[in-house]
Amino acid sequence: MTPTTRTARPARLRNVHPVLWAGWAALAVGAVLCAVGWYGVSGERYAERQLPYLASCTIPGAALIVAAAVLLAHGRSAVAHARVEELYGLLVAAGPEEPEESATTAPVAVSGELRMVPGGTLWHRADCPLVAGKAEAVPVDGRLLATGDLDPCPICEPDAADS
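First, a word on what this report is: a plain description of the structure on this page. Remember, predicted model here, so these are calculated numbers, not experimental data. (Residues numbered from 1 in each chain as written. Predicted model: local features only at pLDDT ≥ 70, side-chain atom pairs only at ≥ 80, totals over all residues. Heavy atoms only, no water.)

**Here's the deal with the sheet that holds strand S3 (residues 138-139)**
For clarity, the cut-off: Here the rule is simple: two strands pair whenever DSSP picks up at least two bridges between them. Secondary structure elements are defined from DSSP: runs of H or I of at least 4 residues count as helices, runs of E of at least 2 residues count as strands, and each element is numbered from the N terminus.
Across the sheet, which stays open at both edges, the four strands sit in the order S3-S1-S2-S4 with mixed pairing between neighbours. Sheet topology places S3 and strand S4 (151-152) at the edges, where each strand pairs with a single neighbour. The sheet contact formed by strand S1 (residues 114-116) and S3 spans two bridges and is antiparallel. Residue pairing for S3: Met116 is matched across the bridge by Val138.

Pasting the structure below:
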């Protein structure tokens, strides 16, 4: 982790934390208001004396709880978004891996000797992965190549001039 990554992450997350703190504070205040309203309503016998507690404590407390839920959901999604952006930045900074050029430019087979499998439709170089190590692979007869009964292997790409 580079020093710039260490300093950039807390700076981004500092912008998100106030939303979360506001959400938790609104939830706490809403819960206290609902508890006070419930306590006030429970101590009054008549409905007309309970209404002030409902209007001044319980309804605003419930509204604060709903607001807290919205703030917390937004804060969590903002934290997740900041983390995704940070991971994307790390991914872009890393860049794609370059393939090895020796593996892509090296020919699969280089042998000048040509082989075929009896009953097959292709002719190959002797070191082609399709026939290398197979006991049934036999040298190609020049007459078969001349008649066109065999096609060159698309993997090792032998030349008729190699025979």
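**Description of a nonpolar patch on the surface**
In plain terms, the rule: Each patch is built from salt-bridge-free residues with over 30% relative accessible area, joining like charges within 9 Å and nonpolar side chains (Val, Leu, Ile, Met, Phe, Trp, Tyr) within 5 Å. Computed with a 1.4 Å probe, the accessible areas rest on the Shrake-Rupley method; for each residue, only the protein chains presented here act as cover. Salt bridges are identified by distance alone: a Lys or Arg side-chain nitrogen within 4 Å of an Asp or Glu carboxyl oxygen. Type-normalised accessible area, obtained with a 1.4 Å probe on protein chains alone, sets the label of each residue: buried when under 20%, exposed when over 50%, and partly exposed for intermediate values.
On the surface, a cluster of nonpolar side chains totalling about 280 Å² of accessible area is made up of Leu51, Leu54 and Ile59. Along the chain, Leu54 turns up in helix H2 (residues 47-94). On the basis of relative accessible area, Leu54 is assigned to the partly exposed category, the value being 34%.

**Some points on the pattern of salt bridges**
Applying the stated criterion to the full structure yields two salt bridges. Across the salt bridge formed by Glu44 and Arg49, the nearest N and O atoms sit 3.7 Å from each other. The partner of Arg115 in a salt bridge is Glu113, with the nearest N and O atoms 2.9 Å apart. The exposure class assigned to Arg115 is partly exposed, which follows from its relative accessible area of 22%.

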